Amino acid sequence: MSPEQTEIAELRRVAVHLAETAAAHVRSRRPEVFGPGGHDGDAVQSKSNAVDPVTIVDTETEQLVRSLVAELRPGDEVVGEENGGTLDAESETVHWVVDPIDGTVNFVYGLPSYSVSVAAVRGGRSVAGAVADVARGVTYSAGLGLGAHRTQPGADPIPLRCNEVESVAMSLVATGFAYATARRVRQGQLIAEVLPHIRDIRRMGSAALDLCMVAEGRVDAYYEHGLNLWDRAAGELIAAEAGARLLLPSPQSRSADGELVLAAAPGIADELTGLLDKLGVTTPIPGN
């Protein structure tokens with residue numbers, strides 16, 4: 001490998017370590033916080049509005065990742081969903097972009113679709129990333145130019161490739177919905193327009209895992225409006241390294257801008273993008 005590839009491989013190794021260590025913490029804490037008797041009233045708080053939760057485990061997990069980065073990569077920066085940070089898209093300093101629990105509603109309800117997402121971003125671009133599927137014990141990872149893989153304990157890494165689907169009419173498409181009412185209403189209207197043209201829709205509740213599912217071929221495409229960088233920084237690289245075609249906003253795009261994120265298997269990317277553009281799905285849906 002070239003020196004640059006060697007560096008990226010090391011960043012990928014660190015990303016996997018961070019994501020898997022954090023996932024182990026999330027896995028161990030869930031039965032303690034959400035046991036048979038319910039949970040302490042202070043364990044879950046509202047964030048952007050009453051239906052957007054953050055738990056004590058989210059904040060604990062992000063702090064764990066921050067501590068590990070300070071120990072392993074003391075010159076790097078951290079940008080996290082819960083405790084903030086600023087991404088300098090022009091800087092060559094590595095910024096670790098962290099979503100400690102992507103899919104917090106699923107985590108609260110005990111639905112097995114939530115993840116830890118960690119990406120190394122340099123110069124505004126994801127160069128390495130890992131998404132740990134907490135409930136399934138699976139980790140997806142990628143390095144820029146080094147491909148994408150799925151790993152789990154006791155098994156060899158499996159290279160990821162998108163499905164070879166060639167017709168939008170036969171495609172399974174994942175999506176997600178905002179917490180803000182006005183944006184959610186518009187997303188529902190658009191789903192009704194898209195649904196007659198595809199095989200079916202799936203809504204799993206974790207953007208990071210949705211992007212990994214495109215990479216793994218569990219769905220053929222995924223789109224959603226208004227993602228933050230921590231929702232997608234690792235997953236978008238994993239999808240791209242598995243061959244997906246992506247439509248992405250700038251790294252500085254905020255959730256409130258409502259811009260579209262799209263990842264699609266290459267065989268349907270042009271047709272699907274054309275359909276979504278025709279239906280108005282590619283138009284941003286701004287709002288808080």
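As the structure is a prediction and not an experimental result, all values here were calculated from the model. (Residues numbered from 1 in each chain as written. Predicted model: local features only at pLDDT ≥ 70, side-chain atom pairs only at ≥ 80, totals over all residues. Heavy atoms only, no water.)

Quick word on the pairing of strand S12 (residues 221-225)
Point 1. Counting buried residues along S12, five of its five residues qualify, which places the element largely inside the surrounding structure.
Point 2. For S12 and strand S14 (residues 260-264), the ladder comprises five bridges, and the chain directions are antiparallel. For Ala-221, the partnering residue across the bridge sits in S14 and is Ala-264. (Buried < 20%, exposed > 50% of the residue type's maximum accessible area, 1.4 Å probe, protein only. Helix = DSSP H or I, 4+ residues; strand = E, 2+ residues; numbered from the N terminus. Pairing = 2+ DSSP bridges.)

A short note on the pairing of strand S8 (residues 147-151)
The side chains of a regular strand alternate, residue by residue, between the two faces of the sheet.
Point 1. Bridging between strand S7 (residues 138-143) and S8 involves five bridges; their strand directions are antiparallel. Of the residues in S8, the one forming a bridge with Ala-142 is Ala-148.
Point 2. A loop of three residues connects S7 with S8, the two strands running antiparallel in sequence, and Gly-145 in this loop sits at a positive phi of about 80°.
Point 3. Pairing of S8 with strand S9 (residues 158-159), which is carried by two bridges, proceeds in the antiparallel orientation. Paired with His-149 across the strands is Pro-159, a residue of S9.

Some details on the packing of aromatic side chains
Point 1. According to the stated counting rule, one finds two aromatic pairs in the structure shown.
Point 2. With 5.4 Å between their ring centres and 85° between their planes, Phe-34 and Phe-107 make a pair best called edge-to-face. Of this pair, Phe-34 sits in the loop between helix H1 (3-33) and strand S1 (44-46) while Phe-107 sits in helix H3 (residues 104-109), and the two are 73 residues apart along the sequence.
Point 3. For Phe-34, a relative accessible area of 10% gives the class buried.
Point 4. Of the residues examined, Phe-107 reaches a relative accessible area of 0% and is grouped as buried. (Phe/Tyr/Trp six-rings, centres within 6.5 Å; stacked < 30°, edge-to-face > 60°.)

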